[in-house]
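The primary structure of each chain is shown beneath.
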Amino acid sequence: MTGLTTQTEAARPLGAPGASGAPGAVAGGKAPAGSGLTLDGIQVMKAGRLILDLESLRLPPTGLAAVIGPNGAGKSTLLRVLGGAEKADAGRALLDGRDLFRMPGRRRAALVGFVPQHFAPHWNQKVHELLELAEERTGAAPGLFAEAAEEFALGDLLARRWEGLSGGERARVLLAMALGGRPPLVLADEPGAALDAAHSLRMLEAFRGKASESLFLVAIHDLNLAVRFFPRIIALKDGKAAFDGGPEELAEGGVLDRVFGVRFRKVEFGDGFMLFPSTAL
Amino acid sequence: MSRDGKGAQGSAAAGAAPGTPPSGKPIPRGSVSAGAASGGASPEAPVPGGASLEGAAPGSAVFENAAPGRATGGRPFHGDRHARVRSASAARTRAVFLGAFLVFAIAFLFALCAGHVWSSPAEALRSIFGEGREKANLIYLWRLPRAVTAAAVGALLGLSGAVFQGIFRNPLAEPWLVGSSGGAAVGATLALLLPWPVSQEIVLPSLSFAGALGAAFLVLALARLSGSLDTATLLLAGIAVSAILTALRSFLMMTLSSDNLSLQVVMSWLMGSIQAPDGTRMTVFLCLSALVFALSLLMARPLDLLGLGESMAAAWGLNVRRAVVLGLILGSAAAALAVSAGGMVAFVGLAAPHVGRFLVGTRHRRLIPFSALAGAVLVTAADALARSLLPPGEIPLGLLTALAGGPFFLVLLAGRNRAT
């Protein structure tokens, strides 16, 4: 019951909130030249195979964009390459005109908030130690991370160790670590994969709350969350961009069916819709 | 509802003010100021959705706008808690370091007093600060250099343990287990038993270093080859490499020793015993130790980042490969220096960082100095016992540390198994 209310409520503001968050601007990606994120000819080879091959992609300076696609489509690779966790073999990624691939790692680390798919620190650090590290990486004003700790309700967790935290608590710590310095670009690699419904909704709401100050590029498996929260959706298939547009377009004309190799059924209700995979093609 | 939300936002912004410097300045890339951000976000914040979820997880108050009233309730200043936890941890660290320094001072004094003939602390102090009596001479000329060497060897072992554990991201890594002590021993055996055209003061440390570095890289490569750096892999690789090195060393000792080259030297050295270098060699040894210590502090940030996992470390701006190579070189240099002055001393490098992580936390800029200090305490005290327990003989230092460290290692393994 509560779940349903949430869906309809959340379905309404499709556009990212805030001044620059008019849905059209985000979906159309018509940002002034030089600002925002511009990806150009990014290629990644692994074991002699081209696993990522993006021709060109332009994203505005702020807003929410989802990256969807079947397993192995290159979602993680794209985010890891942009975040600096992996190296690209070709291409460039300009963030406000500066190439993320060619700037010093520490500078990139200050500009990008990276939420990895798996985060398993080796020393069972205390939460405040992790936040300290995150803060040092950004060189942000000290107050910012204290604010983030407050914002994600980490007060009681600060003196606790990572391995003793629940999945939801870990997610909050990771978000504070990634978002604390208010980076202009946030990359989240299936951040909700290990979270229950309430926590993954809250995480997406946190993203939406900040979509007016940063650009969020989020790899996500749950298509219904993707169409509900993200005004801009990029679908990858075999390392190539198979679709780039709004949720309504995605649900039309069998785009999803081609990307996932599954026939999807669209069920409309109220002012939203849901997508169900019905039969494999 | 919306008025509630606005009120909370307002108070949140007011609360944030003390911690937030004037907008524009602090965030160099800042496209949006803090005030504009929260103002822009609030009208669209799905308050009803959040409210309906509140019941689902009451303990975990907020993801930002889920419960706007609660974030500031009862806490007038943002980050108060954060600052408190931090300063508490800093105060604790200061106290721990102070305590460790005191313990070290006591251990050092004990080392000056200990010997075949025991001296009183007063005597020991008097002998160092003037008044040359015969017994004082013994303390000043013999026990003092030995205690200083022991402290340096211990500090080097503790430090290299902390560095190796950080590089391998494994709490069981230490110079002895990752083979670098064994490698250094092979190098040193070669240096001691072969006739070299250059003086031994150069050959011994360089061959020890080369051996230590080679062995550490070999273990790392083997562990990488099998795809992981987990405890089992590391231990297996370390054991395999150590076994090979031990065999190699024994073979060298058998074939190279002759009547005029005494095995005794090599043997006592292998079981670990502090040999205080004399004159300029002492100066060189201490300078190199200080240099290694200073360099290891530069490794603190890379090691912290490595502790987050390689992906996160790379994302946060670390050149992982370079950091690993530099760390191995540094850890091996520390191990080789320690081996060249103290032989094979087991388990100090394992134990010191463990005590450190327990007492000062996981940040390496605190952990490395503390491990060095703890190692210095351990070896200074152990060496004092080694040369005073069974007069007129001397117990090999390595035996004492292994006796104390072996059980520690077992407890550690047991604890790990219980945890997993």
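Preceding this paragraph is the structure being described.
Residues numbered from 1 in each chain as written. Chains lettered and ligands numbered in written order. Predicted model: local features only at pLDDT ≥ 70, side-chain atom pairs only at ≥ 80, totals over all residues. Heavy atoms only, no water.

Caption draft 1: Spatial organisation of the overall build of chain A. Scanning chain A from N- to C-terminus turns up eleven helices and twelve strands. Every one of the 281 residues in chain A was classed for burial, and the buried ones make up 62%. In chain A, the share of contacts with a sequence separation of at least 24, taken over all contacts with a separation of at least 6, comes to 66%. Accessible surface, chain A as shown: approximately 10,500 Å² in total, 53% of it carbon and sulfur. (Helix = DSSP H or I, 4+ residues; strand = E, 2+ residues; numbered from the N terminus. Buried < 20%, exposed > 50% of the residue type's maximum accessible area, 1.4 Å probe, protein only. Contact = heavy atoms within 4.5 Å. Areas by Shrake-Rupley, 256 points an atom, 1.4 Å probe, with all protein chains shown as cover.)

Caption draft 2: Fine view of the overall build of chain B. A tally of regular secondary structure across chain B gives 18 helices and zero strands. A separation threshold of at least 6 residues defines the contact pool for chain B, and within that pool the share at least 24 residues apart is 74%.

Caption draft 3: Just the nonpolar core, in detail. Within the largest apolar cluster, 169 residues are counted, with the highest numbers of intra-cluster contacts made by A:L37, A:M177, A:F207, A:L217, B:F168 and B:W316. In terms of residue count, helix α7 (residues 134-168) of chain B provides more of this core than any other element does, 16 residues in total. Once you skip the residues sitting within four places of it in the chain, A:M177 turns out to touch A:F119, A:L130, A:L131, A:A134, A:R137, A:F145, B:M312 and B:W316. With 16 residues, the next largest nonpolar core counts B:A191, B:V203, B:L204 and B:W269 among its residues. (Core = buried A, V, L, I, M, F, W, Y, C linked by side-chain atoms within 4.5 Å.)

Caption draft 4: Representation of the packing of helix α7 (residues 167-179) of chain A against helix α8 (residues 197-209) of chain A within the structure. Residues and elements named next belong to chain A. At a minimum axis distance of 11 Å, the contact between α7 and α8 shows a crossing angle of 15°. When the axes of α7 and α8 are compared, the pair comes out roughly parallel. The interaxial crossing formed by α7 with α8 has right-handed handedness. Residues G168, A171, L175 and L179 of α7 lie in contact with α8, whose contacting residues are H199, M203 and F207. (Axes fitted to C-alpha atoms, helices over the stretch in contact; angles between N-to-C directions. Parallel < 35°, antiparallel > 145°, perpendicular 65-115°, else oblique. Left-handed = near helix turned anticlockwise from the far one by under 90°.)

Caption draft 5: Just the sheet that holds strand β5 (residues 98-99) of chain A, in detail. All names here are of chain A. Overall, antiparallel pairing links the four strands, which are arranged β2-β1-β4-β5 in an open sheet. Strand pairing shows two members of the sheet lacking a second neighbour, β2 (49-59) and β5, which therefore form its edges. For strand β1 (residues 37-46) and β2, the ladder comprises nine bridges, and the chain directions are antiparallel. Within β2, the residue paired with K46 across the bridge is R49. (Pairing = 2+ DSSP bridges.)

Caption draft 6: Looking closely at the pattern of salt bridges. One pass over the full model with this rule turns up 25 salt bridges over all chains. The residue A:R232 makes a salt bridge to A:D244 at a minimum N-O spacing of 2.6 Å. Taken together, the residues span a long stretch of sequence, with A:R232 in strand β9 (residues 232-237) and A:D244 in strand β10 (residues 240-245) at a distance of twelve residues. Take A:D244: its relative accessible area is 35%, and that puts it in the partly exposed class. With its nearest N and O atoms 2.7 Å apart, the salt bridge here joins B:D383 to B:R146. With B:D383 in helix α17 (residues 364-388) and B:R146 in helix α7, the pair connects residues that are 237 residues apart, well separated along the chain. Take B:R146: its relative accessible area is 6%, and that puts it in the buried class. Taken together, the shared-partner salt bridges in this structure form one network comprising A:E132, A:E136, B:D304, B:R363, B:R365 and B:R366. (Salt bridge = Lys/Arg side-chain N within 4 Å of Asp/Glu carboxyl O.)

Caption draft 7: Summary view of the sheet that holds strand β8 (residues 215-219) of chain A. All names here are of chain A. Strand order in the open sheet formed by six strands is β6-β7-β8-β3-β9-β10, with mixed pairing between adjacent strands. Taken across any chain shown, the strands that pair with only one partner, and hence form the sheet edges, are β6 (112-115) and β10. Each strand axis lies, on average, 15° off the axis of its neighbour in the sheet, ignoring direction. On top of the sheet, α7 reaches β6, β7 (185-189) and β8; it is set at about 165° to β6, its chief contact.

Caption draft 8: Inspection of helix α6 (residues 121-128) of chain B at higher detail. The complete set of buried residues in α6(B) reads B:E123, B:A124 and B:S127. Along the axis of α6(B), the buried positions cluster into a sector of 100°, meaning they face one direction only. (Arc of directions from axis to C-beta.)

Caption draft 9: Seen up close, the packing of helix α9 (residues 200-225) of chain B against helix α15 (residues 320-342) of chain B. Residues and elements named next belong to chain B. Taken N-terminus to C-terminus, the directions of α9 and α15 make an angle of 135°; their axes are 8 Å apart at the nearest point. Compared by their axis directions, α9 and α15 come out oblique. As for the relative orientation of α9 and α15, their crossing is right-handed in sense. Between α9 and α15, the contacting residues are L204, S208, F209, A212, L213, A216, F217, L220 and R224 on the first element and V324, V325, L328, I329, S332, A333, A336 and S340 on the second.

Caption draft 10: View of the environment of B:F293. Residue and element names in this part refer to chain B. Within the fold, F293 resides in helix α12 (residues 280-298). Counting along the chain gives 79 residues from F293 to A372, while the straight-line C-alpha distance between them is 8.4 Å. Setting aside its immediate chain neighbours within four residues, F293 contacts L159, P369 and A372.

Caption draft 11: Molecular detail of the pairing of β7(A). Residue and element names in this part refer to chain A. Counting buried residues along β7, five of its five residues qualify, which places the element largely inside the surrounding structure. Pairing between β6 and β7: four bridges, direction parallel. Within β7, the position partnered with V112 by the bridge is L185. Summarising the sheet, β7 and β8 pair through five bridges and their orientation is parallel. In the sheet register, D189 faces β8, and the bridge partner there is A219. In this fold, the crossover linking β7 to β8 by way of α8 has right-handed handedness. (Right-handed = clockwise from strand over helix to strand, strands pointing away.)

Caption draft 12: Expanded view of unusual backbone geometry. In this model, A:E190 sits at a positive phi of 45°, which is unusual for a non-glycine residue. The topology assignment puts A:E190 in the loop between β7 and α8. Here B:R169, not a glycine, exhibits a phi torsion of approximately 50°, which is positive. Of note, B:R169 is situated in the loop between α7 and α8 (180-193). For B:R169, a relative accessible area of 9% puts it in the buried group.

Caption draft 13: Expanded view of the environment of B:N137. Residue and element names in this part refer to chain B. Tracing the backbone through its elements, the reader meets N137 in helix α7. The class for N137 is partly exposed, based on a relative accessible area of 38%. Along the backbone, N137 and A124 are 13 residues apart, and their C-alpha atoms lie at a distance of 9.9 Å.

Caption draft 14: Examining a nonpolar patch on the surface more closely. On the surface, a cluster of nonpolar side chains totalling about 460 Å² of accessible area is made up of B:V284, B:L288, B:L291, B:L295 and B:L298. Residue classification places B:V284 among the partly exposed residues on the basis of a relative accessible area of 48%. (Patch = residues over 30% accessible without salt bridge, like charges linked within 9 Å, V, L, I, M, F, W, Y side chains within 5 Å.)

Caption draft 15: Region of the structure containing the packing of aromatic side chains. According to the stated counting rule, one finds seven aromatic pairs over all chains in the structure shown. Considering the side-chain rings of B:F104 and B:F108, the 5.9 Å spacing of their centres and the 45° angle between planes classify their relative orientation as tilted. Taken together, the positions of B:F104 and B:F108, both in helix α5 (residues 80-113) and four residues apart, correspond to about one turn of that helix. The side chain of B:R357 reaches across the aromatic face of A:W123, ending 3.9 Å from its centre. (Phe/Tyr/Trp six-rings, centres within 6.5 Å; stacked < 30°, edge-to-face > 60°. Lys NZ or Arg CZ within 6 Å of the ring centre and 35° of its normal.)

Don't take any of this as a statement about function, it's just geometry.
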